[in-house]
Amino acid sequence: MDVLVFGAGSLGTLVGALLARAHDVTLVGRDPHVSRVREGGVRVSGAVEARTAPAATTKYDGSAADLAVVAVKSFDTAAAADALGAGSFEVVCSLQNGLAEETLAARLDAPVLAGTATYGARLVEPGHVECTGVGRVVLGARSGGTDPRAERVGKAFRDAGIETLVASDMPRRLWEKLAVNAGVNAVTALARVENGALTDDPGRELARRATRETARVARAEGVSLSNRRALSALDEVVTATEANRSSMLQDVDDEKRTEVDAINGTVVERAERHRLDVPTNRTLAALLRTWEVGRGVRKA
Ligand code: KPL
């Protein structure tokens, strides 16, 4: 299969490098990472060890591919969709935080699948990504139900040795992931702690409040996600990733813009549509945005 992986951050590089074990992969990313991948391929270390040589470019030239995997940060989704509009794909699959597949679907002619990935990834240096935890890719039709294209993409991922589940209940799964990220990411980023710090109070209670609020908004959106289910997903993720630095904490460490808009910001925005109050998400979003403005990575 010809696969374009748009976005060569930590997760995109990991997924692209692993997919290259079975497919012809092109990574679209930034220098100096892209140059290093061109020179020496990608080294994957940690929980998965691999060395592969995907093609890499800083500028997508519109070439056709069977599959485009979108792994850019959520705030770059619209720009990614505009660039991808030059190409043609049998199917596009989002592996991003938030509800980015909605933005892709609104801007692209190609069918768009929703996906989530719980693999832990960290870019150690250009050309070298560490897999900090073997998780799972879950993908499927955006509005739920079955889609033969999802089955084909799932097989392509599995052929490359990536743990993958094709699911028929993506809306619930996307909101469940959003509820977990709403609880974990901002709290760990603001407190500068590993995910495991949320095992105990006061972090645990703060994260649980943000997760509970998100589940409530999901239900208002017509998605069946109980508080109990969302909270148990939160507990599972915190335990399974206790040594990890969340993606938002990694952004804060690197003084980069975070995905707060796509996570707590989305919860606040959707809550407003339903006249629900989500004070914990609102406060977490405001604090992260204050940090971003203070660091000059966001306009006031
Ligand atoms: O998705 C994650 C992230 O860091 O963005 C979790 C699951 C919280 C793992 O760190």
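Residues numbered from 1 in each chain as written. Predicted model: local features only at pLDDT ≥ 70, side-chain atom pairs only at ≥ 80, totals over all residues. Heavy atoms only, no water.

### Here we look at the pairing of strand E11 (residues 137-141)
Part 1: The buried count for E11 comes to 5 of 5 residues, which makes it a mostly enclosed element.
Part 2: Direction of pairing for strand E8 (residues 112-117) relative to E11: antiparallel, over a ladder of 5 bridges. By the bridge assignment for E11, Gly-115 is matched with Leu-139.
Part 3: Two elements, E11 and strand E12 (residues 164-166), share 3 bridges in a ladder whose sense is parallel. (Buried < 20%, exposed > 50% of the residue type's maximum accessible area, 1.4 Å probe, protein only. Helix = DSSP H or I, 4+ residues; strand = E, 2+ residues; numbered from the N terminus. Pairing = 2+ DSSP bridges.)

### Describing the confidence of the model for the protein
In regions of low pLDDT, the predicted coordinates are not meant to be interpreted in detail.
Part 1: The predicted model of the protein averages 97 in pLDDT, with 100% of residues at 70 or higher.
Part 2: Both scores are given for the predicted complex: the pTM is 0.93, the ipTM 0.97. (pLDDT = per-residue confidence, 0-100.)

### What about the side chain of Thr-52?
Part 1: Relative to the elements of secondary structure, Thr-52 occurs in strand E4 (residues 50-52).
Part 2: Within the structure, the side chain of Thr-52 is placed 2.9 Å from the backbone oxygen of Ala-17, a separation counted as a polar contact.
Part 3: Those residues in contact with Thr-52 that lie beyond four places of it in its chain are Ala-17, Ala-20, Arg-21, Gly-41 and Val-42. (Polar contact = N/O pair within 3.5 Å; in protein donor to acceptor, adjacent residues only side chain to side chain. Contact = heavy atoms within 4.5 Å.)

### Let's talk about the side chain of Asn-281
Part 1: Among the secondary structure elements, Asn-281 is positioned in helix H11 (residues 279-294).
Part 2: From its side chain, Asn-281 meets the backbone oxygen of Ala-210 in a polar contact 3.2 Å long.
Part 3: Each residue touching Asn-281, except ones within four places of it in the same chain, is listed here: Ala-182, Ala-210, Glu-213, Thr-214, Asn-264, Val-267 and Val-268.

### Details of the pairing of strand E6 (residues 65-70)
Part 1: Most of E6 is tucked away, with 5 of its 6 residues classed as buried.
Part 2: Two strands pair when backbone bridges link them, and strand E1 (residues 2-6) and E6 are joined in this way by 4 bridges, in the parallel orientation. Bridging from a neighbouring strand, Val-5 pairs with Val-69 of E6.
Part 3: Relative to strand E7 (residues 89-94), E6 is paired through 5 bridges, and the arrangement is parallel. Following the sheet pairing, Ala-65 is matched in E7 by Phe-89.
Part 4: One crossover worth recording links E6 to the parallel E7 by way of helix H3 (residues 77-84), and it is right-handed. (Right-handed = clockwise from strand over helix to strand, strands pointing away.)

### Comments concerning the packing of aromatic side chains
Part 1: Summed over all chains, the structure comprises 2 aromatic pairs.
Part 2: With a centroid separation of 6.4 Å and an interplanar angle of 85°, the aromatic rings of Phe-6 and Tyr-60 are classed as edge-to-face. Taken together, the residues Phe-6 in strand E1 and Tyr-60 in the loop between strand E5 (55-57) and E6 connect sequence positions 54 residues apart. Tyr-60 carries the same exposure label as Phe-6, and that label is buried.
Part 3: Put simply, the rings of Phe-6, Tyr-60 and Phe-89 pair up and form one aromatic cluster.
Part 4: Note that Arg-257 overlies the ring of Phe-75, its terminal NZ or CZ placed 4.5 Å from the centroid. (Phe/Tyr/Trp six-rings, centres within 6.5 Å; stacked < 30°, edge-to-face > 60°. Lys NZ or Arg CZ within 6 Å of the ring centre and 35° of its normal.)

### Focus on the nonpolar core
Part 1: Of all hydrophobic cores here, the largest spans 42 residues; its most connected members are Trp-175, Val-217, Leu-225, Leu-234 and Met-248.
Part 2: When contributions to this core are tallied by element, the ones reaching two or more residues are helix H6 (170-191), helix H7 (203-220), helix H8 (227-240), helix H9 (247-253), helix H10 (261-273) and H11.
Part 3: The element contributing the most residues to this core is H6, with 11 residues.
Part 4: Setting aside anything within four residues of it in sequence, one finds Leu-234 in contact with Val-180, Val-184, Ala-207, Arg-208 and Thr-211.
Part 5: Formed by 36 residues, the second largest nonpolar core is a distinct cluster that contains Leu-14, Ala-117, Ala-121 and Ile-162. (Core = buried A, V, L, I, M, F, W, Y, C linked by side-chain atoms within 4.5 Å.)

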